[in-house]
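Below, each chain spelled out in residue letters.
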Amino acid sequence: MTAIRTSAKAESFTESVIREMTRHAVAHGAINLAQGFPDFPAPEEIKRAAMAAIEADVNQYAITWGARRLREAIAAKVARTYGTAVDPEREICVTCGATEGMIAAMLALVDPGDEVVVFEPFYENYGPDAILAGAVPRFVALREPDWTFDERELAAAFGPRTRAVILNTPNNPTGKVFTRAELQAVARLCERWGAVAISDEIYEHMTYDGAVHEPVARIPGMEDRTVTINGLSKTYSVTGWRVGWTIAPPDLTGAIRKVHDFLTVGAAAPLQEAGAAALELPGSYYSRLAADYLERRDVLLGALEAAGLKTSKPFGAYYVMCDVAGLGFADDVEAAMHLVRDVGVASVPGSSFFSRPELGRTKLRFSFCKRLETLREAGERLRALGR
Ligand code: GLN
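Computed from a predicted structure; not experimentally measured.

Residues in close proximity to the ligand include Ile18, Arg19, Gln35, Gly36, Tyr123, Asn172, Tyr203, Lys234, Tyr319 and Arg365, which together make up its full environment. A distance of 2.9 Å separates an oxygen atom of the ligand from a polar atom in the side chain of Arg19. In the complex, the protein chains occlude 86% of the 290 Å² of accessible area that the ligand would expose alone. Taken together, the residues of the shell around the ligand sort by class into 4 nonpolar, 3 polar and 3 charged.

The structure is reproduced here in C-alpha coordinates:
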(Lines give C-alpha, C1' and ligand atoms only; values in the text may rest on other atoms or scores of the structure.)
Protein backbone atom coordinates (compact mmCIF):
# COMPACT_ATOMS: atom_id res chain seq x y z
CA MET A 1 0.00 0.00 0.00
CA THR A 2 1.36 3.39 -0.90
CA ALA A 3 1.64 5.74 2.06
CA ILE A 4 -0.59 8.79 1.75
CA ARG A 5 1.38 11.99 1.87
CA THR A 6 0.24 15.05 3.72
CA SER A 7 1.14 18.47 2.38
CA ALA A 8 4.52 20.09 2.91
CA LYS A 9 2.72 23.09 4.39
CA ALA A 10 0.87 20.98 6.95
CA GLU A 11 4.10 19.14 7.75
CA SER A 12 5.97 22.34 8.42
CA PHE A 13 4.19 23.42 11.57
CA THR A 14 3.01 21.68 14.71
CA GLU A 15 -0.32 21.71 16.51
CA SER A 16 -1.03 24.76 18.62
CA VAL A 17 0.75 24.45 21.96
CA ILE A 18 -1.84 26.77 23.56
CA ARG A 19 -4.71 24.47 22.61
CA GLU A 20 -2.60 21.42 23.56
CA MET A 21 -2.09 22.81 27.06
CA THR A 22 -5.87 23.14 27.41
CA ARG A 23 -6.17 19.42 26.68
CA HIS A 24 -3.51 18.68 29.34
CA ALA A 25 -5.40 20.92 31.79
CA VAL A 26 -8.58 18.93 31.20
CA ALA A 27 -6.76 15.57 31.45
CA HIS A 28 -5.12 16.50 34.76
CA GLY A 29 -7.96 18.52 36.27
CA ALA A 30 -5.67 21.56 36.36
CA ILE A 31 -6.77 25.20 36.50
CA ASN A 32 -6.44 26.44 32.93
CA LEU A 33 -4.33 29.59 32.86
CA ALA A 34 -3.02 28.48 29.47
CA GLN A 35 -5.55 29.31 26.78
CA GLY A 36 -6.93 32.82 26.92
CA PHE A 37 -10.66 32.36 27.42
CA PRO A 38 -12.80 33.55 30.33
CA ASP A 39 -14.32 31.17 32.90
CA PHE A 40 -17.02 33.72 33.76
CA PRO A 41 -20.30 34.38 31.95
CA ALA A 42 -20.78 36.64 28.95
CA PRO A 43 -22.99 39.73 29.45
CA GLU A 44 -26.63 38.81 29.92
CA GLU A 45 -27.95 41.18 27.24
CA ILE A 46 -25.83 39.72 24.48
CA LYS A 47 -26.76 36.15 25.36
CA ARG A 48 -30.40 37.18 25.17
CA ALA A 49 -29.78 38.86 21.81
CA ALA A 50 -28.29 35.59 20.45
CA MET A 51 -31.28 33.56 21.65
CA ALA A 52 -33.72 36.12 20.26
CA ALA A 53 -31.98 36.00 16.86
CA ILE A 54 -32.37 32.22 16.64
CA GLU A 55 -36.00 32.50 17.76
CA ALA A 56 -36.57 35.11 15.06
CA ASP A 57 -35.14 32.62 12.55
CA VAL A 58 -31.95 34.42 11.71
CA ASN A 59 -30.71 30.96 10.82
CA GLN A 60 -29.54 31.19 7.23
CA TYR A 61 -26.34 32.61 5.73
CA ALA A 62 -25.73 36.24 6.42
CA ILE A 63 -24.21 38.31 3.58
CA THR A 64 -20.80 36.71 3.10
CA TRP A 65 -18.85 39.77 4.28
CA GLY A 66 -21.13 40.31 7.28
CA ALA A 67 -24.71 41.17 8.25
CA ARG A 68 -25.39 44.82 7.55
CA ARG A 69 -26.52 45.52 11.13
CA LEU A 70 -23.24 44.18 12.52
CA ARG A 71 -21.12 46.12 10.02
CA GLU A 72 -22.99 49.29 10.86
CA ALA A 73 -22.54 48.63 14.58
CA ILE A 74 -18.78 48.09 14.05
CA ALA A 75 -18.47 51.36 12.13
CA ALA A 76 -20.51 53.24 14.75
CA LYS A 77 -18.39 51.89 17.59
CA VAL A 78 -15.11 52.78 15.86
CA ALA A 79 -16.45 56.30 15.25
CA ARG A 80 -17.55 56.61 18.91
CA THR A 81 -14.31 55.26 20.32
CA TYR A 82 -11.67 56.78 18.05
CA GLY A 83 -13.47 59.37 15.93
CA THR A 84 -12.51 57.49 12.76
CA ALA A 85 -14.97 57.07 9.88
CA VAL A 86 -15.28 53.52 8.49
CA ASP A 87 -17.56 52.74 5.54
CA PRO A 88 -19.58 49.64 6.51
CA GLU A 89 -20.38 48.97 2.85
CA ARG A 90 -16.83 48.87 1.56
CA GLU A 91 -14.34 48.65 4.41
CA ILE A 92 -15.43 45.81 6.70
CA CYS A 93 -15.33 42.03 6.34
CA VAL A 94 -16.86 39.94 9.14
CA THR A 95 -14.93 36.71 9.67
CA CYS A 96 -14.99 33.57 11.84
CA GLY A 97 -13.06 35.16 14.68
CA ALA A 98 -10.00 37.37 14.47
CA THR A 99 -8.14 34.15 13.62
CA GLU A 100 -9.82 33.94 10.24
CA GLY A 101 -9.42 37.70 9.81
CA MET A 102 -5.65 37.30 10.10
CA ILE A 103 -5.27 34.36 7.72
CA ALA A 104 -7.73 35.88 5.21
CA ALA A 105 -5.76 39.15 5.28
CA MET A 106 -2.46 37.31 4.78
CA LEU A 107 -3.80 35.21 1.91
CA ALA A 108 -5.37 38.28 0.32
CA LEU A 109 -2.34 40.56 0.55
CA VAL A 110 0.78 38.41 0.47
CA ASP A 111 2.22 36.30 -2.34
CA PRO A 112 4.44 33.25 -1.83
CA GLY A 113 8.00 34.44 -1.35
CA ASP A 114 6.99 37.84 -0.01
CA GLU A 115 8.38 38.82 3.35
CA VAL A 116 6.33 39.63 6.43
CA VAL A 117 7.83 41.37 9.46
CA VAL A 118 6.76 39.82 12.77
CA PHE A 119 7.61 41.11 16.25
CA GLU A 120 8.86 38.39 18.55
CA PRO A 121 7.61 36.97 20.90
CA PHE A 122 4.40 36.63 18.91
CA TYR A 123 1.01 34.94 19.27
CA GLU A 124 1.69 31.49 17.93
CA ASN A 125 -0.90 31.59 15.11
CA TYR A 126 1.15 34.13 13.15
CA GLY A 127 3.82 31.50 12.36
CA PRO A 128 1.49 29.01 10.64
CA ASP A 129 -0.41 31.94 9.09
CA ALA A 130 2.81 33.00 7.37
CA ILE A 131 3.55 29.43 6.23
CA LEU A 132 0.03 28.93 4.86
CA ALA A 133 0.38 32.18 2.91
CA GLY A 134 3.81 31.09 1.66
CA ALA A 135 5.34 34.18 3.26
CA VAL A 136 8.85 34.41 4.65
CA PRO A 137 8.72 35.79 8.20
CA ARG A 138 11.39 38.29 9.30
CA PHE A 139 11.46 38.43 13.07
CA VAL A 140 12.24 41.55 15.09
CA ALA A 141 12.90 41.17 18.82
CA LEU A 142 10.85 42.89 21.49
CA ARG A 143 13.21 43.17 24.45
CA GLU A 144 12.54 43.21 28.17
CA PRO A 145 11.93 44.96 30.47
CA ASP A 146 9.51 47.06 28.40
CA TRP A 147 9.50 44.81 25.34
CA THR A 148 10.63 47.56 23.04
CA PHE A 149 12.41 47.08 19.71
CA ASP A 150 15.57 48.49 18.24
CA GLU A 151 14.64 50.79 15.38
CA ARG A 152 17.72 49.83 13.39
CA GLU A 153 16.87 46.16 13.72
CA LEU A 154 13.35 46.92 12.52
CA ALA A 155 14.67 48.92 9.58
CA ALA A 156 16.98 46.03 8.66
CA ALA A 157 14.02 43.62 8.59
CA PHE A 158 12.24 45.69 5.92
CA GLY A 159 13.24 45.60 2.28
CA PRO A 160 11.93 45.44 -1.27
CA ARG A 161 10.23 42.07 -0.64
CA THR A 162 8.40 43.23 2.49
CA ARG A 163 4.69 43.10 1.90
CA ALA A 164 3.36 43.39 5.43
CA VAL A 165 4.17 43.83 9.09
CA ILE A 166 2.08 42.02 11.67
CA LEU A 167 1.29 44.04 14.75
CA ASN A 168 -0.56 43.02 17.88
CA THR A 169 -1.27 45.79 20.33
CA PRO A 170 -2.07 45.42 23.21
CA ASN A 171 0.23 42.47 22.82
CA ASN A 172 -0.14 38.76 23.40
CA PRO A 173 1.98 37.34 25.10
CA THR A 174 3.99 40.27 26.51
CA GLY A 175 1.25 42.68 27.63
CA LYS A 176 3.07 45.47 25.82
CA VAL A 177 1.03 48.40 24.53
CA PHE A 178 2.87 49.91 21.55
CA THR A 179 3.50 53.63 21.95
CA ARG A 180 2.66 56.22 19.35
CA ALA A 181 6.39 56.81 18.72
CA GLU A 182 6.96 53.09 18.11
CA LEU A 183 4.04 52.93 15.71
CA GLN A 184 5.33 56.02 13.91
CA ALA A 185 8.63 54.20 13.37
CA VAL A 186 6.72 51.26 11.90
CA ALA A 187 4.69 53.66 9.76
CA ARG A 188 7.81 55.30 8.28
CA LEU A 189 9.08 51.91 7.16
CA CYS A 190 5.71 50.82 5.78
CA GLU A 191 5.56 54.00 3.71
CA ARG A 192 9.14 53.68 2.56
CA TRP A 193 8.75 50.08 1.38
CA GLY A 194 5.09 50.13 0.33
CA ALA A 195 4.09 47.63 3.01
CA VAL A 196 0.80 47.24 4.87
CA ALA A 197 0.30 46.77 8.60
CA ILE A 198 -1.96 43.91 9.61
CA SER A 199 -2.83 44.90 13.15
CA ASP A 200 -4.51 42.54 15.58
CA GLU A 201 -6.16 44.83 18.15
CA ILE A 202 -8.41 42.28 19.84
CA TYR A 203 -7.31 43.43 23.33
CA GLU A 204 -8.00 47.13 22.64
CA HIS A 205 -10.11 47.62 25.76
CA MET A 206 -7.68 45.97 28.16
CA THR A 207 -5.06 48.52 29.16
CA TYR A 208 -3.77 49.29 32.64
CA ASP A 209 -1.89 51.91 34.67
CA GLY A 210 -2.58 54.70 32.19
CA ALA A 211 -1.36 52.89 29.06
CA VAL A 212 -3.28 54.11 26.02
CA HIS A 213 -4.15 51.92 23.04
CA GLU A 214 -3.24 53.64 19.77
CA PRO A 215 -5.01 52.16 16.75
CA VAL A 216 -2.38 51.72 14.04
CA ALA A 217 -4.81 52.96 11.38
CA ARG A 218 -4.84 56.37 13.08
CA ILE A 219 -1.10 56.93 12.73
CA PRO A 220 -0.63 59.50 9.93
CA GLY A 221 0.29 57.73 6.72
CA MET A 222 -1.25 54.43 7.86
CA GLU A 223 -4.92 55.24 7.07
CA ASP A 224 -4.64 53.65 3.63
CA ARG A 225 -2.25 50.86 4.46
CA THR A 226 -3.66 49.18 7.57
CA VAL A 227 -5.83 46.13 8.05
CA THR A 228 -7.23 46.30 11.59
CA ILE A 229 -8.39 43.00 13.02
CA ASN A 230 -10.78 42.73 15.92
CA GLY A 231 -13.61 40.60 17.21
CA LEU A 232 -16.20 39.89 19.86
CA SER A 233 -14.19 37.18 21.63
CA LYS A 234 -12.18 39.02 24.23
CA THR A 235 -14.14 42.24 24.69
CA TYR A 236 -17.45 40.47 25.28
CA SER A 237 -16.15 37.18 26.71
CA VAL A 238 -17.51 35.00 23.89
CA THR A 239 -14.39 33.32 22.51
CA GLY A 240 -16.44 30.33 21.32
CA TRP A 241 -18.76 32.38 19.14
CA ARG A 242 -16.10 32.93 16.52
CA VAL A 243 -17.14 36.37 15.28
CA GLY A 244 -14.39 38.75 14.21
CA TRP A 245 -13.78 41.30 11.48
CA THR A 246 -11.26 43.19 9.41
CA ILE A 247 -11.34 46.92 8.71
CA ALA A 248 -9.31 48.11 5.74
CA PRO A 249 -9.50 50.47 2.74
CA PRO A 250 -11.93 49.30 0.03
CA ASP A 251 -9.33 47.80 -2.33
CA LEU A 252 -7.79 45.69 0.44
CA THR A 253 -11.21 44.79 1.82
CA GLY A 254 -12.32 43.60 -1.63
CA ALA A 255 -9.45 41.10 -1.72
CA ILE A 256 -10.03 39.99 1.89
CA ARG A 257 -13.76 39.49 1.23
CA LYS A 258 -13.04 37.21 -1.73
CA VAL A 259 -10.64 35.04 0.25
CA HIS A 260 -13.00 34.98 3.23
CA ASP A 261 -15.96 33.94 1.09
CA PHE A 262 -14.18 30.84 -0.19
CA LEU A 263 -12.59 29.99 3.17
CA THR A 264 -15.73 30.00 5.31
CA VAL A 265 -18.63 31.79 3.50
CA GLY A 266 -19.45 33.56 6.73
CA ALA A 267 -19.64 33.69 10.49
CA ALA A 268 -22.70 32.38 12.39
CA ALA A 269 -25.65 34.58 11.39
CA PRO A 270 -27.52 34.75 14.73
CA LEU A 271 -24.28 35.51 16.56
CA GLN A 272 -23.63 38.38 14.16
CA GLU A 273 -26.98 39.87 15.23
CA ALA A 274 -26.00 39.42 18.89
CA GLY A 275 -22.64 41.00 18.05
CA ALA A 276 -24.43 44.15 16.94
CA ALA A 277 -26.16 44.26 20.35
CA ALA A 278 -22.78 43.81 22.05
CA LEU A 279 -21.21 46.68 20.11
CA GLU A 280 -24.10 48.90 21.17
CA LEU A 281 -23.30 48.48 24.90
CA PRO A 282 -22.63 51.82 26.66
CA GLY A 283 -19.16 53.21 27.34
CA SER A 284 -19.41 52.21 31.00
CA TYR A 285 -19.16 48.55 29.92
CA TYR A 286 -15.58 49.07 28.72
CA SER A 287 -14.35 51.00 31.75
CA ARG A 288 -15.78 48.28 33.98
CA LEU A 289 -14.12 45.60 31.83
CA ALA A 290 -10.71 47.26 32.17
CA ALA A 291 -11.14 47.79 35.94
CA ASP A 292 -12.10 44.14 36.45
CA TYR A 293 -9.12 42.97 34.41
CA LEU A 294 -6.77 45.23 36.37
CA GLU A 295 -7.91 43.53 39.58
CA ARG A 296 -7.41 40.10 38.04
CA ARG A 297 -3.98 41.09 36.78
CA ASP A 298 -2.84 42.18 40.21
CA VAL A 299 -4.12 39.00 41.87
CA LEU A 300 -2.23 36.84 39.35
CA LEU A 301 0.95 38.94 39.56
CA GLY A 302 0.89 38.57 43.35
CA ALA A 303 0.32 34.81 43.13
CA LEU A 304 3.14 34.28 40.63
CA GLU A 305 5.59 36.37 42.60
CA ALA A 306 4.71 34.59 45.85
CA ALA A 307 5.54 31.35 44.03
CA GLY A 308 9.02 32.64 43.16
CA LEU A 309 8.42 33.37 39.47
CA LYS A 310 9.91 36.50 37.96
CA THR A 311 7.04 38.35 36.32
CA SER A 312 6.92 40.97 33.60
CA LYS A 313 4.08 43.37 34.41
CA PRO A 314 1.62 43.67 31.52
CA PHE A 315 0.14 47.05 30.62
CA GLY A 316 -2.42 45.54 28.30
CA ALA A 317 -4.13 42.30 27.17
CA TYR A 318 -4.61 39.50 29.71
CA TYR A 319 -1.39 37.53 29.92
CA VAL A 320 1.68 37.55 32.16
CA MET A 321 5.04 36.40 30.82
CA CYS A 322 7.24 34.92 33.55
CA ASP A 323 10.79 33.80 33.85
CA VAL A 324 11.30 30.47 35.62
CA ALA A 325 15.07 30.37 35.17
CA GLY A 326 15.70 30.08 38.91
CA LEU A 327 13.41 27.13 39.51
CA GLY A 328 15.66 24.33 38.28
CA PHE A 329 13.75 23.06 35.23
CA ALA A 330 15.55 21.87 32.10
CA ASP A 331 13.32 24.00 29.90
CA ASP A 332 9.93 25.67 29.57
CA VAL A 333 8.15 22.52 28.44
CA GLU A 334 9.38 20.59 31.47
CA ALA A 335 8.30 23.48 33.72
CA ALA A 336 4.84 23.69 32.12
CA MET A 337 4.33 19.92 32.28
CA HIS A 338 5.33 19.82 35.95
CA LEU A 339 2.91 22.66 36.68
CA VAL A 340 -0.02 21.11 34.87
CA ARG A 341 0.55 17.55 36.19
CA ASP A 342 1.85 17.99 39.71
CA VAL A 343 0.83 21.50 40.75
CA GLY A 344 -2.52 21.66 38.96
CA VAL A 345 -2.04 24.90 37.03
CA ALA A 346 -1.79 25.04 33.23
CA SER A 347 0.39 27.66 31.53
CA VAL A 348 1.89 27.93 28.06
CA PRO A 349 5.57 27.10 27.47
CA GLY A 350 7.36 30.26 26.36
CA SER A 351 9.02 28.62 23.36
CA SER A 352 5.71 28.57 21.50
CA PHE A 353 5.92 32.35 21.13
CA PHE A 354 9.37 32.41 19.52
CA SER A 355 10.78 31.43 16.14
CA ARG A 356 13.60 29.54 17.84
CA PRO A 357 12.58 27.54 20.93
CA GLU A 358 15.73 28.46 22.87
CA LEU A 359 14.57 32.09 23.04
CA GLY A 360 11.62 31.08 25.24
CA ARG A 361 13.34 28.28 27.15
CA THR A 362 12.97 29.93 30.57
CA LYS A 363 9.55 31.47 29.99
CA LEU A 364 5.95 30.59 30.77
CA ARG A 365 2.79 32.52 29.92
CA PHE A 366 -0.18 32.65 32.31
CA SER A 367 -3.54 34.21 31.45
CA PHE A 368 -5.71 36.11 33.89
CA CYS A 369 -9.06 36.12 32.10
CA LYS A 370 -10.47 34.11 34.98
CA ARG A 371 -12.65 34.68 38.04
CA LEU A 372 -10.81 36.04 41.08
CA GLU A 373 -11.57 32.76 42.92
CA THR A 374 -9.94 30.81 40.10
CA LEU A 375 -6.84 33.01 40.19
CA ARG A 376 -6.64 32.79 43.99
CA GLU A 377 -6.98 29.00 43.89
CA ALA A 378 -4.21 28.89 41.26
CA GLY A 379 -2.14 31.03 43.62
CA GLU A 380 -2.70 28.53 46.46
CA ARG A 381 -1.55 25.69 44.25
CA LEU A 382 1.46 27.60 42.92
CA ARG A 383 2.64 28.32 46.44
CA ALA A 384 3.94 24.75 46.49
CA LEU A 385 6.55 25.85 43.94
CA GLY A 386 7.94 28.58 46.16
CA ARG A 387 8.60 26.23 49.06
N1 GLN B 1 -5.76 34.12 22.04
C2 GLN B 1 -5.87 33.12 23.05
C3 GLN B 1 -4.53 32.74 23.60
O4 GLN B 1 -3.52 33.24 23.17
C5 GLN B 1 -6.60 31.89 22.58
C6 GLN B 1 -6.49 31.67 21.15
C7 GLN B 1 -7.07 30.40 20.69
O8 GLN B 1 -6.79 29.38 21.27
N9 GLN B 1 -7.81 30.48 19.65
O10 GLN B 1 -4.48 31.93 24.49
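The rest of the description comes next.
What follows concerns the environment of Asn171. Locating Asn171 in the fold gives a position in the loop between β5 (162-168) and α8 (180-193). For Asn171, a relative accessible area of 4% corresponds to the buried category. Separated by 27 residues in sequence, Asn171 and Glu144 have C-alpha atoms that sit 13 Å apart.

Turning our attention to the nonpolar core. Core analysis: the largest hydrophobic core is formed by 125 residues, its most contacted members being Phe119, Ile198, Tyr236 and Phe366. At 8 residues, helix α11 (residues 283-306) tops the list of elements feeding residues into this core. Not counting the four nearest positions on each side in its chain, Phe366 is found in contact with Leu33, Leu300, Leu304, Leu309, Tyr318, Tyr319, Val320, Cys322, Leu339, Val345 and Ser347.

Compared with an ideal rise of 1.5 Å per residue, which puts 14 residues at 20 Å, α8 spans 20 Å between its outermost C-alpha atoms and is within 8% of the ideal. Among all positions of α8, only Glu182, Leu183, Ala185, Val186, Ala187, Leu189 and Cys190 are buried. Residues of α8 that are buried sit in contact with β3 (115-120), α7 (151-157), β5 and β6 (196-200). After α8 finishes, the residue Gly194 shows a positive phi value of roughly 65°.

Before going further, it helps to spend a moment on the sheet that holds β3. Strand order in this open sheet of 7 strands is β2-β8-β7-β6-β5-β3-β4, and the pairing throughout is mixed. A strand with exactly one partner marks an edge of an open sheet, and here the two such strands are β2 (92-95) and β4 (136-141). Averaged over all pairs of adjacent strands, the angle between their axes in this sheet comes to 20°, without regard to strand direction. As defined by bridge partners, β5 adjoins β6 across 5 bridges and the pair is classed as parallel. Across the sheet, the residue bridging to Asn168 is Asp200, located in β6. Contacting β2, β6, β7 (226-231) and β8 (244-247), helix α9 (residues 250-264) crosses the sheet at an angle of about 25° to β2.

Thresholds applied
Residues numbered from 1 in each chain as written. Predicted model: local features only at pLDDT ≥ 70, side-chain atom pairs only at ≥ 80, totals over all residues. Heavy atoms only, no water. Near = heavy atom within 4 Å. Polar contact = N/O pair within 3.5 Å; in protein donor to acceptor, adjacent residues only side chain to side chain. Areas by Shrake-Rupley, 256 points an atom, 1.4 Å probe, with all protein chains shown as cover. Nonpolar A, V, L, I, M, F, W, Y, C, P; charged D, E, K, R; others polar. Helix = DSSP H or I, 4+ residues; strand = E, 2+ residues; numbered from the N terminus. Buried < 20%, exposed > 50% of the residue type's maximum accessible area, 1.4 Å probe, protein only. Core = buried A, V, L, I, M, F, W, Y, C linked by side-chain atoms within 4.5 Å. Contact = heavy atoms within 4.5 Å. Expected span 1.5 Å × (residues − 1). Pairing = 2+ DSSP bridges. Axes fitted to C-alpha atoms, helices over the stretch in contact; angles between N-to-C directions.

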